[in-house]
Every structure is written in C-alpha cells, then in structure tokens.
There are 2 protein chains.
Amino acid sequence: MAESDRIAAKTKFLDFLEEKNLRITAQRRAIVDTVFGTDQHFTAEQLLEWAKEKDSSVSRATVYRTLPLLTESGLVHEMDFGKDYKIYDPNYADHPNHNHIICDDCDKIVEFESDRLDQLEDEISTGLGFKVKTQQLRINASCEEMKRLGECKNKGN
Amino acid sequence: MAESDRIAAKTKFLDFLEEKNLRITAQRRAIVDTVFGTDQHFTAEQLLEWAKEKDSSVSRATVYRTLPLLTESGLVHEMDFGKDYKIYDPNYADHPNHNHIICDDCDKIVEFESDRLDQLEDEISTGLGFKVKTQQLRINASCEEMKRLGECKNKGN
DNA sequence: TTGACAATGATACTGAGTCTCAATATCTTC
DNA sequence: GAAGATATTGAGACTCAGTATCATTGTCAA
C-alpha cells in the first residue's frame, strides 16, 4: 500500500467515526495507524501486540471493539479459513472483491481477483432468490509450485 | 437421503474404520446411526445431544474424536459460516462439490451445485500454482424472496 | 481366555472472543 | 476554558467450542 493510500484509508476511517458520532481517541488512533501501516494480514492478537507498541494503553477489549468498526467501514475485511481465529485484511478498500487461497502446509495466503467468478456468484445467488451481503471463496490448498521453489516452509508432515 | 443411502453410508464408514484398524464400538455406532439418520446440518453439540438419546454413554469427547473420522472418510463435510461453531453436513457423499448460501437473518441454508463454478475455481487455483485440497464458497445473504413468502423468520432487526 | 492396546468418560484445561463496571476522556455548549 | 452529558476505556471475570489428560474399560486377534 502506498503512503498516500494509507493516509486516505486513515482519513476515511476518522470520517466514518465522525459520521456515526463516535469519538476519536488516542487508542483508536494507535490501532488505525497500526492497521494501515502494514500490508500484512493479521489476527486480533497480533493487532493488539503491534498497537501496544505504539500506545501501551491499548487493551485487548478496545482492539476487539474497534475491529467491527473497521470492517463495517469497509476498509478492512474479515476472513475465516477454518482456524480458530479470524484473519483481517487491510488491503480491502482498494480491492473489494478479491478472494484468497491459503496453503494448509505453510499458511501462505495468495490473493486473486476474478470478474468471471464474481459474475457467476451473483448469477447463482440471484437465481436462488437471495440478496448477497458478502461472499467468500476459500480455497485450501498446498502450494506445489512453491514447494518446488523452496518457498513453502512446510510445517507439518 | 433414502434409506438405502443411509445404510450405504454407514457401511462405508464401518469399512473405513476397519481399513484404519480402528475399532467399532457401541458409541461410534450410536454416533454414526445419528449422523446418517438425518438429512439436517448439525453442530457438534447437537450431535452429542442426539447421540446421547440413542446411547446415553456417548460423551462429548467421543463425539469430538469421531467427527474428524467422519470428515476424513469423505462422508460428512465440515463447514464454517463465520459463527463460533462449525456446521456438519451429512449429505456429502452424494454431492461432494456442493456449496452453500446462508441467510444471515434466519440461518436458513440452501445448497447448490455448479459445474461452471467448480471448473472456474480449478482453473484459477492451478494457474496460481496451487494443488486444491478443499474449496468452499460461502455466501452470506438475506433471503429476500423468502422474506416475501414469509419463510424467513427474521431474527434480528 | 488372554493380552495388547484402542477407546472410553470425566474433567481439567485452552484460547479466542465477550461482557461488566467503575473510572476516564471526548466533545459540545455556554 | 469550565461543565456536563455520555462515549470510551482497561482490567479482569466470564463464555463456550474444542482439546488434552489419564486411569479405566472394551475390542478383537491369536
């Protein structure tokens, strides 16, 4: 994410708070700076850890309270890969329809977009009488190609 | 699921146990009878409750130990709709590639299959150098059509 | 029947996420 | 810039799905 995009995302979030009559606090600033200061996917616990480095007063409760605001604002995307924690993606504002492949062996995540896929999903949902709210294609795989290239640091077996 | 399919699924699972040198116990029989005695999707806790009705000696631990065997055998499919519990689908042996739409309002789940979708997913994954293990398209939606028909017992708002 | 060991139940434990509540910070109004 | 209404906070208790432990029991091949 370019520096300008980061600032834009931050500004959008502060605007979002204002629109909802929510207050801009030091803790929220630290959290938002953290989220839009990285390109990486992260977990709630990671975000807590990183945000604490910026402002040690940030607590677990505040992180968990702020995450729904970030997803509601459309700037961060919440993902579920069947692990017992959720993964958050801060690159969502720019690419609102991208999907993910996760390597079960090394947890590597690759993002991709496909207009054909989006179109097909909409077609199917509408045909079944549903109004789509969110859709997530999750592909669990093993990165054969990367294994060959030595990029997949196979954890298990 | 027709009676014959239920018996076939049960038999397949008992064969699966035998192949892996696992033992056929009264508790496993009760669990398997329960799973293939319904068409419904269920949670681990529901399965525990139902199986206990057949054999009160079935414990939570055994249910949680048996579920991975059922999914590994390919007869039951584990799904994750972003809730804090997993949902299991006993109709998987017959329709190994079906996907799901869940209504966020009333929790109604509708299954669907699409060859075009499967094909497209494979194409994309292969193109990215991954060998697909499992793929799950999850669509969270609201069942507009059903709301109109009064079938969606809207829980929230 | 026996014996190796797979499987069991009870229960303690884990860990992500939620809730509570008294104390504090923000923001608006004057 | 004080005051007051109230949104927000941190600490820690709590929830709850799922896992681990371990002594006891059940299965099944020999």
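All figures in this text were calculated on a predicted structure; none of them were measured in a lab. (Residues numbered from 1 in each chain as written. Chains lettered and ligands numbered in written order. Predicted model: local features only at pLDDT ≥ 70, side-chain atom pairs only at ≥ 80, totals over all residues. Heavy atoms only, no water.)

Visitor: Give a description of the protein's contact with DNA strand C that names residues and reports values.
Guide: With respect to spatial proximity, 20 residues lie near DNA strand C, and among them B:R23, B:R28, B:S57, B:S59 and B:T62 are the closest. Protein-proximal atoms of DNA strand C, defined as those within 4 Å of the protein, fall in sugar or phosphate at a share of 69%. Here a sugar or linking oxygen of DNA strand C and a side-chain polar atom of B:Q27 are 3.3 Å apart. Going through the elements one at a time, α4 (60-72) of chain A together with α2 (26-35) and α4 (60-72) of chain B are the ones with two or more residues in the surface near DNA strand C. The residue makeup of the surface near DNA strand C, split by class, is eight nonpolar, five polar and seven charged. (Near = heavy atom within 4 Å. Polar contact = N/O pair within 3.5 Å; in protein donor to acceptor, adjacent residues only side chain to side chain. Helix = DSSP H or I, 4+ residues; strand = E, 2+ residues; numbered from the N terminus. Nonpolar A, V, L, I, M, F, W, Y, C, P; charged D, E, K, R; others polar.)

Visitor: Can you break down the relation of the copies chain A and chain B residue by residue, with the values?
Guide: Laying chain A over chain B is done by rotating through 180° and shifting 0.0 Å along the axis; what remains is an RMSD of 0.0 Å. Here the two chains are linked by the operation of a two-fold rotation axis. Relative to the rotation axis, the C-alpha of A:L137 is the closest in chain A, positioned 2.1 Å from it. Taken together, the interface assignments show that 100% of the residues at the interface of chain A recur at the interface of chain B, consistent with an identical surface on both copies. (Least-squares fit on C-alpha atoms with pLDDT ≥ 70 in both. Contact = heavy atoms within 4.5 Å.)

Visitor: Describe the nonpolar core, listing the residues and the values that go with them.
Guide: In terms of nonpolar packing, the biggest core is built from 24 residues, with A:F112, A:L117, A:F130, B:F112, B:L117 and B:F130 touching the most fellow members. Elements with a contribution of two residues or more to this core: β3 (99-103), β4 (109-112), α5 (115-127) and β5 (131-142) of chain A together with β3 (99-103), β4 (109-112), α5 (115-127) and β5 (131-142) of chain B. Contacts of A:F112, omitting those with residues within four sequence positions, involve A:H98, A:N99, A:H100, A:I101, A:L117, A:L137, A:I139, B:I124 and B:L128. (Core = buried A, V, L, I, M, F, W, Y, C linked by side-chain atoms within 4.5 Å. Buried < 20%, exposed > 50% of the residue type's maximum accessible area, 1.4 Å probe, protein only.)

Visitor: So what's going on with the packing of aromatic side chains? Residues and values would help.
Guide: This model, assessed by the stated rule, comprises six aromatic pairs over all chains. Site record: aromatic cluster; members linked through ring pairs are A:F42, A:W50 and A:Y88. (Phe/Tyr/Trp six-rings, centres within 6.5 Å; stacked < 30°, edge-to-face > 60°.)

Visitor: Go over the environment of B:D115, please, and point to the residues and values.
Guide: One can find B:D115 in helix α5. Sequence separation of B:D115 and B:H98 is 17 residues, and the distance between their C-alpha atoms is 9.5 Å.

Visitor: Explain the interface of chain A and chain B residue by residue, including any values.
Guide: At the interface, 36 residues of chain A touch 36 residues of chain B. Both sides of the chain A and chain B interface together cover about 3,200 Å² of buried area, and 63% of this is carbon and sulfur. It is A:L120, A:F130 and A:K133 that lose the most area in chain A upon contact with chain B, and together they represent 18% of the buried surface on that side. For the pair chain A and chain B, the interface holds two salt bridges. Ionic pairing is found between B:R116 and A:E123, a salt bridge with its closest N-O pair at 3.2 Å. The interface formed by chain A and chain B contains two residue pairs in polar contact (both at pLDDT 80 or more). Listed by contribution, the elements that provide at least two residues to the side of chain A that touches chain B are β3, β4, α5, β5 and α6 (144-149) of chain A. Here the side of chain A that touches chain B takes twelve residues from β5(A), the largest share from any one element. Its residues placed into classes, the side of chain A that touches chain B shows 15 nonpolar, nine polar and twelve charged. The sheet contact formed by β5(A) and β5(B) spans eleven bridges and is antiparallel. Looking across to β5(B), one finds that A:K131 is bridged to B:S142. (Buried area = accessible area lost by both parts, 1.4 Å probe. Salt bridge = Lys/Arg side-chain N within 4 Å of Asp/Glu carboxyl O. Pairing = 2+ DSSP bridges.)

Visitor: Mind laying out the pattern of salt bridges, listing which residues take part and the relevant values?
Guide: A full pass over the atoms with the stated rule returns ten salt bridges over all chains. Among the ionic pairs, A:D33 bridges to A:K10, the shortest N-O distance being 3.2 Å. Note that A:D33 is positioned in helix α2 (residues 26-35) and A:K10 in helix α1 (residues 3-19), a separation of 23 residues in sequence. With a relative accessible area of 28%, A:K10 lands in the partly exposed category. The salt bridge involving B:E72 is made with B:K20; its shortest N-O contact spans 2.7 Å.

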